[in-house]
Amino acid sequence: MMPAAPQQPLPSTCITVNGQSHVLQVDGDTPLLTILRNHLYLKGTHYGCGSNQCGACFVLIDGFAVASCDTPIWAVAGKSVTTVEGLGTPEQPHRLQEAFLAGQAAQCGYCTSGILISAAALLSRNPHPAEADIHQALDRNLCRCGTHNRVVEAILRAAGQPAPRTP
Amino acid sequence: MNQGFALPAPAQPGQLPGNLRGNPHLGQWLRITPEGKVMVSPGKVEIGQGILTALAQIVAEELEVGLNQITMVAANTGFSPNESVTSGSLSVQDSGRALQQVCAEVRAIYLAKAATHLGEPVASLQICNGLISGPSGAQTSYWDLADDALLDTDATGRVPPKPNTVYRKVGTSARRLDLPDKIFGKTRFIHDMELPGMLHGRMLRPNAPGATLLSLDDAAALACNGVISVVRDGSLLAIVATGNDEAEHAAAKLSAGAVWSQPNESLPDEQDFASWLRSEPADTSVTASPPSPASSSRTIKAQYAKPFLAHASIAPSCALAVYDGAILKVWSHSQGIFNLRSDLALAFAMEPEKIIVQHVEGAGCYGHNPADDVAFDAAWLARHTPGRPVRVQWSRADELAWAPFGPAMAIDLEADLDAAGTITGWRHSIWSNGHTSRPGRGSSPALLGAWHLATPFERSPAINPPLAGGGGAERNAIPGYEFPNWQVTSHRILNMPLRTSALRSLGAMANIFAVETFIDDLARAANTDPVEWRLRYLHDERARAVIALALEKSGWPQQNLIEGKGAGFAYARYKNSGAYCAVVAEIDAAEQIYARRLTIAVDVGLAINPDGVRNQIEGGAIQATSWALKEAVRFDRTRVTSTDWESYPILRFSEVPKISVHIVPSDHPPLGAGECSIGPVVAAIGNAVFDALHIRIRQLPITAERIMSELAQQP
Ligand code: FES
Ligand code: FES
């Protein structure tokens, strides 16, 4: 095995995650997802594709739902990141989390955190979305288990406009 | 909300039900702790379907404890009962019945102990949330009396479970026990596990199936930051690094230094896979009804096809392993941890007892996905780095290209009709690779990596499970209608250029699609309403009840006067012995086909958790809609080319139909719900497309291109 080539000193980047500031000494091109999962041990944000095609890794960056797998850490410097852990806790759940629990809007749950993030971004800019708005806001989130309708109903419920369960 | 549901009638006294037969030791199934917990350790595993919650409800009911007093312990080959594979919608039948009996016996054992302790007769004791009290007011509890020695005995089968009339927990829609963790982003998935000193492995697969590694220059990869080693055995190649990103980064360098043999053009023509299936050498089996005399005046024939389908789980498969020089411990989201252990033992020439497989939840699993393969990869690397745990996660591209696929199928149907238009003969022929190549069932490991070693293990072609258990390619090919003179011919293709294995509902989806759309054509040819046509050949009351319910709830028959809209009906009883399901699909035909609404009626026997059943039916229906309208594995003559979500699109939020699920209340034995809606949904969509466009599409998926080319061929 050859010794690794001498490394450039790593730049430091300051990011805020779930209200907490972190100064990180990492390669600026490191994906935000890696930082969240492997440096900050926030495992609620998931890896699904690594190429901004599935939504499993979505986080809020300054209120927008963004693929953290595809966002280099340098691009997040000085910005505020919210992960699913930052949305709410069992003691103080976000209204979306409450609604997802009440409507049992998950199966395997792997896609769920990314979906919650997209939904939170939607509700913050449109507190009373129509169903079509929800479809549009969630169209970048894939779910293979087929929980889509429950998710839409839960978001409507969280927005205070529950749809009847049966069409 | 007790609906008087019953678990299936107990077996004869002294006879053990379900998976208790092979695993009669009570202490293997559950423990009662002094701290106030019932620890339940079934051999079935959570794969996103909510099984652990349904099993917990059965335990809560039988033991008279609260759901919050139960801890479901993930299965482990070291201590759990061997319940083989969690598949085929069989868990409630196999595991639920076993646990029900275990709990009935545990309750009796603890009541006897409490009776002695309290000095009151057993018959006078009451249990509530684990507290046991007598008429005098004296109290004890499971927790006070907790003693593992009490359960160090085999089940007798002589204690009757509670009568269904007193059920209060089974039959209610209890919330899933695992969902809070998933909704609050708590560490729960195997992907989230960290072990001290853990290394990260990254596999480098050949550039095409059948290609071999000719030479390797690994200098650039080894020079990368964080790289520990390059591990190679024949054409099995991996990099091990201190971090996941480091491994991925170095893997790109390693890939540049790897020279693979020229791939041979081993794959069939994607555009004409049906002809390929029909021309391959095959193992042919025939099942037929006893002949009855009949004369026919004409025969109607049609041909159908279904492409290879991918599992396309939302998470790439992942596993961890550690080897201390003697014991190999593996963490896996496999559906069958004991089967995986057998194949790992074969692959590494180890005694099975020296291998422990611990189940950890992964993303949704719809059949034999690469969970077992990646467990082999992690174990293989762990054996090269003794003492250090290794985590391996596949890439998205590998997950879509190297997983087993649901096999492509070609189907011929023929119906003989007499002068009055009555069916007098029915023939159903299938060409397909086998529908299972799961681990743990052969003399050679069914694990991808084991086939790439310098001394490779033999890869056995996929087979079909026996018809008695539902069959594989032939699943739902035997008519569910009362036809005289039927014959099912199954040609199992022996050559397997694309690896195939079990995918949700196996052959049932394509068979039901073919049969149920063919029947609509037969009914139309006879100027008969398609539902009425079916009912002539269907006298099972449960079948008729789900059909009536679906029609009523959907408002069938709809007058289709609006251009571009259509409605279609389909029915099937899954595996001919499982859940009954009838579906009305409504679609819009615009620039593509949109499924707008599905009305689904089911009879799943006892619904342990009605909302859980609904969730499974909805999920199955959405996956089926995706299969019907969008999905096909893409490949050229050398390799799979659908390796991301753009080349393998699945249904999105904007494309998902509204779904209503209607459950027929039933006290029949519980039947799995996960797969029964698949075939009828696909077929009902096919019939709705015909209703809208008067074009019969007989090859899946039903895409705009296929409709256009069908239109172009019409006179
Ligand atoms: S993992 Fe980031 S979008 Fe798929
Ligand atoms: S719940 Fe499994 S992928 Fe969405």
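Quick caveat: nothing in here was measured; it's all calculated off a predicted structure. (Residues numbered from 1 in each chain as written. Chains lettered and ligands numbered in written order. Predicted model: local features only at pLDDT ≥ 70, side-chain atom pairs only at ≥ 80, totals over all residues. Heavy atoms only, no water.)

K.L.:
Where do I start with the pairing of strand β1 (residues 12–17) of chain A in this structure?
P.N.:
Across a regular strand the side chains alternate sides, sitting on one face of the sheet and then on the other. Residues and elements named next belong to chain A. Only one face of β1 is buried: it carries Thr13, Ile15 and Val17, and the other face, with Ser12, Cys14 and Thr16, is open. Remark: two residues form the turn of the hairpin made by β1 and strand β2 (residues 20–25), two consecutive strands paired antiparallel; asparagine 18 in that turn has positive phi of roughly 50°. Pairing between β1 and strand β5 (residues 80–82): two bridges, direction parallel. The residue bridging valine 17 from the neighbouring strand is valine 81, located in β5. (Buried < 20%, exposed > 50% of the residue type's maximum accessible area, 1.4 Å probe, protein only. Helix = DSSP H or I, 4+ residues; strand = E, 2+ residues; numbered from the N terminus. Pairing = 2+ DSSP bridges.)

K.L.:
Would you explain the packing of helix α6 (residues 148–158) of chain A against helix α15 (residues 610–629) of chain B in this entry?
P.N.:
Two numbers describe a pair of packed helices, the interaxial angle and the distance between the axes. Remark: α6 of chain A packs on α15 of chain B, axes separated minimally by 9 Å, with the N-to-C direction vectors making an angle of 115°. Of the residues in α15 of chain B, those in contact with His148, Asn149 and Arg150 of chain A of α6 of chain A are Asp611, Arg614, Asn615, Glu618 and Ile622 of chain B. Looking at the contact of α6 of chain A with α15 of chain B residue by residue, the classes come out as one nonpolar, three polar and four charged. (Axes fitted to C-alpha atoms, helices over the stretch in contact; angles between N-to-C directions. Contact = heavy atoms within 4.5 Å. Nonpolar A, V, L, I, M, F, W, Y, C, P; charged D, E, K, R; others polar.)

K.L.:
What is the right way to look at the sheet that holds strand β1 (residues 30–33) of chain B in this model?
P.N.:
Strand pairing in a sheet is mediated by backbone hydrogen bonds. Such pairs are either parallel or antiparallel. All names here are of chain B. Here we have three strands laid out as an open sheet, ordered β1-β2-β3, and mixed in their pairing. The open sheet has two free edges, formed respectively by β1 and β3 (70–72), since each of these has just one partner strand. Neighbouring strand axes in the sheet, compared pairwise and without regard to direction, differ in orientation by 20° on average. Two strands pair when backbone bridges link them, and β1 and strand β2 (residues 37–40) are joined in this way by four bridges, in the antiparallel orientation. By the bridge assignment for β2, leucine 30 is matched with valine 40. Against the sheet, helix α2 (residues 51–63) engages β1, β2 and β3, with an angle of about 145° to β3. Contacting β1 and β2, helix α3 (residues 91–118) runs over the sheet at an angle of about 35° to β1.

K.L.:
Please clarify how the domain arrangement of chain A should be interpreted in this entry.
P.N.:
Interface size, as often reported, equals the accessible area lost upon joining of the parts. Residues and elements named next belong to chain A. Domain annotation for chain A reports domain 1 (12–86) and domain 2 (95–158). Look at where the C-alpha atoms of domain 1 and domain 2 centre, and you get two points 20 Å apart. Interface of domain 1 and domain 2: buried area, both sides summed, is about 1,200 Å²; carbon and sulfur atoms make up 57% of it. Taken together, domain 1 and domain 2 are joined by zero salt bridges. Between the two partners, domain 1 and domain 2, sit six residue pairs in polar contact (both at pLDDT 80 or more). Only β3 (58–61) and β4 (64–67) provide two or more residues apiece to the side of domain 1 that touches domain 2. Top element by residues in the side of domain 1 that touches domain 2 is β3. It accounts for three residues. Residue classes in the side of domain 1 that touches domain 2 are distributed as nine nonpolar, nine polar and no charged. (Domains from an automatic or database assignment. Buried area = accessible area lost by both parts, 1.4 Å probe. Salt bridge = Lys/Arg side-chain N within 4 Å of Asp/Glu carboxyl O. Polar contact = N/O pair within 3.5 Å; in protein donor to acceptor, adjacent residues only side chain to side chain.)

K.L.:
Please explain unusual backbone geometry as it appears in this structure.
P.N.:
Trans is the common state for peptide bonds, and a negative phi is the common state for residues other than glycine. In this model, leucine 700 of chain B is joined to proline 701 of chain B through a cis peptide bond whose omega is -5°. Within the secondary structure layout, proline 701 of chain B lies in the loop between α16 (678–693) and α17 (704–713). In this structure, aspartate 62 of chain A takes a positive phi of about 45° despite not being glycine. By the secondary structure assignment, aspartate 62 of chain A is in the loop between β3 and β4.

K.L.:
Hey, could you run me through the confidence of the model for chain B in this one?
P.N.:
The pLDDT averaged across chain B works out to 94; a share of 97% of its residues lies at or above 70. Scored below 50 in pLDDT, residues 1–6 of chain B makes 25 contacts in the model with residues more than four places away or belonging to other chains. (pLDDT = per-residue confidence, 0-100.)

K.L.:
I'm lost on the interface of chain A and chain B in this one. Help?
P.N.:
With 59 residues of chain A at the contact, the number on the chain B side is 64 residues. Taken over both partners, the interface formed by chain A and chain B buries close to 5,200 Å², and the fraction arising from carbon and sulfur atoms is 55%. The tally of links from chain A across to chain B stands at six salt bridges. The partner of aspartate 611 of chain B in a salt bridge is arginine 150 of chain A, with the nearest N and O atoms 3.0 Å apart. Seen at the junction of chain A and chain B, the total is 26 residue pairs in polar contact (both at pLDDT 80 or more). Considered class by class, the residues forming the side of chain A that touches chain B number 28 nonpolar, 22 polar and nine charged.

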